[in-house]
Amino acid sequence: MTAYADFYQRSIAQPEAFWKEQAGLIEWFKQPEQICDYSNPPFANWYKGGTTNLCHNAVDRHLKDRANQPAVVFVSTETNTEKTYNFRQLHTEVQCMAAILQEMGVQKGDRVLIYMPMIAEALFAMLACARIGAIHSVVFGGFASGSLASRIDDAAPRVVITADAGSRAGKIVPYTPLLKEAVALAATKPESILIIDRGLSTIDLGALRAVDYTAARQKHLNSEVPCAHLDATDISYTLYTSGTTGKPKGVQRDTGGYAVALAASMKYIFDCKPGQVYFATSDIGWVVGHSYIVYGPLIAGMTTLFYEGTPVRGMDGSADGGIWWSLVEKYKVTHMFSAPTAIRVLKKQDPAYLTKYDLSSLQALFLAGEPVDEPTARWIAAGINKPVIDNYWQTETGWPILATANGGGLSGFKPQFGSPGVPMYGYKLKLVHESTGEELKGHGEKGVVVIEGPLPPGAMQTVWGDDARFVNTYWKSIPGQMVYSTFDWGIRDANGYFTILGRTDDVINVAGHRLGTREIEESIAAHPNVAEVAVVGVADQLKGQVAMAFAVAKDASKLGDANERLKLEGEIMKLVDGNLGAVARPSRVYFVTLLPKTRSGKLLRRAIQAICEGRDTGDLATLDDPAPLLQIKELVSVK
Ligand code: AMP
């Protein structure tokens, strides 16, 4: 047993030796010459001179010892499908997809945008890109044409891979009309579309050049496409995430550092072994999907359970709050990873579901994506009688910043309710004062969670196509020093455990989905009768937070009438649905005469949020004009 504190200390004091050792967890075509080149901070180049491939480590590497072991178990409660692919079959499918992409002209460094539901072909597509060195950019299937268009413009993909439709709780969501609209909106057009026809909806791509996957697969099924020998620093993917501006940021990740970071996290944080079964309930559109549905488990030689569906719907389409637990029993899941929101949904189900199935295979349940409220964590831990391990991280970091690592012979920090844990190896974490930048060394003092450079392997390299944005956004927000800001508030207790207290910026977290209030505002402001709008995140029992909008109408003459207000509110919600997707739809749109602002014109977001949550807003009397806040107070108090 190694004490975690010593392990951590070594990662900080001797990072080169530490990460050199971790590099041995993956296979290299050529060993790295330099562990970390940090000659141009804050840009870190990990494993310079080394060549490797994520797909090789996730697939080919395992053919020798586990070709017949299940690699992917695809389960869809939406289409009543269960299909298992062993590593050999996965190898075949991925090579086939890679050959199709090559025939479509995709080369190393080209972007491939993946706008897909949770079907196995989406995973094949990601691995196929990694195999040939194309950069994938997965866009969450729940996003609508506006979100998709801005990502197409930024990524400039040569090819888009999509399906005829997704399905959510039995409702078919046709993708092709959304994609067609997005391409029409985008200034940069993809050359062609690879389409997987599930037979759920008619395909409507207009004049776009489309390649049918079924036919192409038939042609390429026996293709052999070797893994490209990629530089460790070559880009593996970009993944868009929300920030404070309306324009989403493409978080750019490398190849070698990411592979090592994932392999290490599977060993030390998740305590996984080859042959075990990992079930992450997220979606490939999010970072958890990239790290812990696709790459992490496969790199570790595990089976990944790839799930399309909700937590409360069974295979035959009927309500079933025990579906996930039945899958744990059936597939002998050893590790489960979910989000607090999903657990809060399960909490509304009959608790008998938690004991109905044999969960003896399960080692632990990991939760991340948003703060886990203690009652929910305790409820699920007691219900399934397993350790519940909170972990805190971000799209930007790719793997946990805070957790409790008890795998790979480590020990010393047990999970504690109410805290995601302690800093993970490689992260030089500090709490600093928001405006002075002074380090807060005491216990229980609230500060901004920052990381000293270099960021560890696996973390973002930069913002795709915009190094200046990477530096200015993340590394310059704390006065007097160049440190990476997580934009989260945190406190630390006497034992070194952190608690995360929410974002310092305008990012909100709805059901584990990260959204920028600015993006929602821009979408609402496009309504012809909206002069100005403020969107804030408001605490919600089920979803963690929901978006609430306060709009000033250009023509308010009819808004005295409740029906007219409802009509306009409905129109605005529909607009957001169509532009960003239902995930971003505000739960309410209130109409106000003025928005509360400071004298310099800055929106008083924190005050609006406090009012909506029934908290103290500070002294209203100090404001030039307290009337707008008082109006909001009155509106939200009327249910
Ligand atoms: P995303 O990049 O979408 O994964 O969102 C990252 C943000 O989600 C973080 O900056 C936090 O605000 C929040 N978050 C993620 N995991 C946790 C957690 N375990 N506890 C508290 N907040 C979390």
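Structure shown above.
In this report, we go over the structure that sits alongside the text.

Basis of the calculations
- Residues numbered from 1 in each chain as written.
- Predicted model: local features only at pLDDT ≥ 70, side-chain atom pairs only at ≥ 80, totals over all residues.
- Heavy atoms only, no water.
- Salt bridge = Lys/Arg side-chain N within 4 Å of Asp/Glu carboxyl O.
- Helix = DSSP H or I, 4+ residues; strand = E, 2+ residues; numbered from the N terminus.
- Pairing = 2+ DSSP bridges.
- Axes fitted to C-alpha atoms, helices over the stretch in contact; angles between N-to-C directions.
- Phe/Tyr/Trp six-rings, centres within 6.5 Å; stacked < 30°, edge-to-face > 60°.
- Buried < 20%, exposed > 50% of the residue type's maximum accessible area, 1.4 Å probe, protein only.
- Lys NZ or Arg CZ within 6 Å of the ring centre and 35° of its normal.
- Parallel < 35°, antiparallel > 145°, perpendicular 65-115°, else oblique.
- Contact = heavy atoms within 4.5 Å.
- Nonpolar A, V, L, I, M, F, W, Y, C, P; charged D, E, K, R; others polar.
- Near = heavy atom within 4 Å.
- Polar contact = N/O pair within 3.5 Å; in protein donor to acceptor, adjacent residues only side chain to side chain.

All chains considered together, the criterion is met by 32 salt bridges. A salt bridge links K330 to E82, with the shortest nitrogen-to-oxygen separation between them at 2.7 Å. Here K330 is found in helix α12 (residues 323-331), whereas its partner E82 is found in strand β6 (residues 81-86), with 248 residues between them in sequence. Through salt bridges with shared partners, a single ionic network connects D506, R518, E521 and R605.

Here we come to the sheet that holds strand β29 (residues 498-503). Strands sit in the order β25-β26-β28-β29 across an open sheet of 4 strands; the sheet is antiparallel. The two strands at the open ends of the sheet, each matched to only one other strand, are β25 (428-432) and β29. Each adjacent strand pair in this sheet contributes to an overall mean axis angle of 45°, direction not counted.

To continue, consider the pairing of strand β3 (residues 43-48). Here strand β2 (residues 34-40) pairs with β3 via 4 bridges, running antiparallel. Within β3, the residue paired with D37 across the bridge is N45. Counted along the chain from β2 to the antiparallel partner β3, the turn is 2 residues long.

Turning next to the packing of aromatic side chains. With the rule as written, the count across this model stands at 43 aromatic pairs. Centre to centre, the rings of F279 and W324 are 6.0 Å apart; their planes meet at 80°, and the pair counts as edge-to-face. Placement of F279 in strand β17 (residues 277-280) and of W324 in helix α12 is noted, with a sequence separation of 45 residues between them. Each member of the pair, F279 as well as W324, is classed as buried. Stacked on the ring of F143, the Lys or Arg R151 has its end atom at 4.7 Å from the ring centre. The residue whose ring lies beneath K446 is W489, and the NZ or CZ to ring-centre distance is 4.7 Å.

This part is about the packing of helix α5 (residues 87-103) against helix α9 (residues 213-220). Interhelical geometry of α5 versus α9 gives an angle of 110° and a closest axis separation of 9 Å. In this view, α5 runs roughly perpendicular relative to α9, as classed from their interaxial angle. Here α5 contributes E93, C96, M97, A99, I100 and E103 to the contact with α9, which in turn contributes Y213, A216, R217, K219 and H220. Here the residues of the contact of α5 with α9 sort into 6 nonpolar, 1 polar and 4 charged.

Around the ligand sit 14 residues, and of these N391, T395, D488, R503 and R514 come closest. For the ligand, a nitrogen atom lies 2.8 Å from a polar atom in the backbone of N391. A distance of 2.7 Å separates an oxygen atom of the ligand from a polar side-chain atom of R514.

Turning our attention to the sheet that holds strand β12 (residues 192-196). The strand order across the open sheet formed by 8 strands is β13-β12-β9-β7-β8-β15-β16-β27, and the pairing between neighbours is mixed. Both outer strands of the open sheet, β13 (210-212) and β27 (462-463), are each paired with one neighbouring strand and no more. Where strand β9 (residues 159-163) meets β12, 5 bridges bridge the pair, whose relative direction is parallel. Each residue of the ladder has a partner; that of I161, found in β12, is L194.

This part takes up the environment of V422. Of note, V422 is situated in strand β24 (residues 422-423). The buried category is assigned to V422, whose relative accessible area is 4%. When the C-alpha atoms of V422 and T404 are compared, they prove to be 6.3 Å apart, with 18 residues separating the residues in sequence. Apart from residues lying up to four places away in sequence, V422 is in contact with Y4, I401, L402, A403, F413, G496 and Y497.

This next bit is on unusual backbone geometry. Note that the residue after P41, namely P42, is joined by a cis bond; omega there is 5°. Following G453, the chain continues into P454 via a peptide bond in cis, with omega recorded as -5°. Its place among the elements puts P454 in the loop between β26 (447-452) and β27. Its identity as a non-glycine residue notwithstanding, F487 has a phi of 60°, on the positive side. Mapped onto the elements of the fold, F487 is located in strand β28 (residues 484-492). Residue F487 is classed as buried on the basis of its relative accessible area of 14%. The backbone of A511 shows a phi angle near 50°, a positive value even though the residue is not glycine. Mapped onto the elements of the fold, A511 is located in the loop between β30 (507-510) and β31 (513-516).

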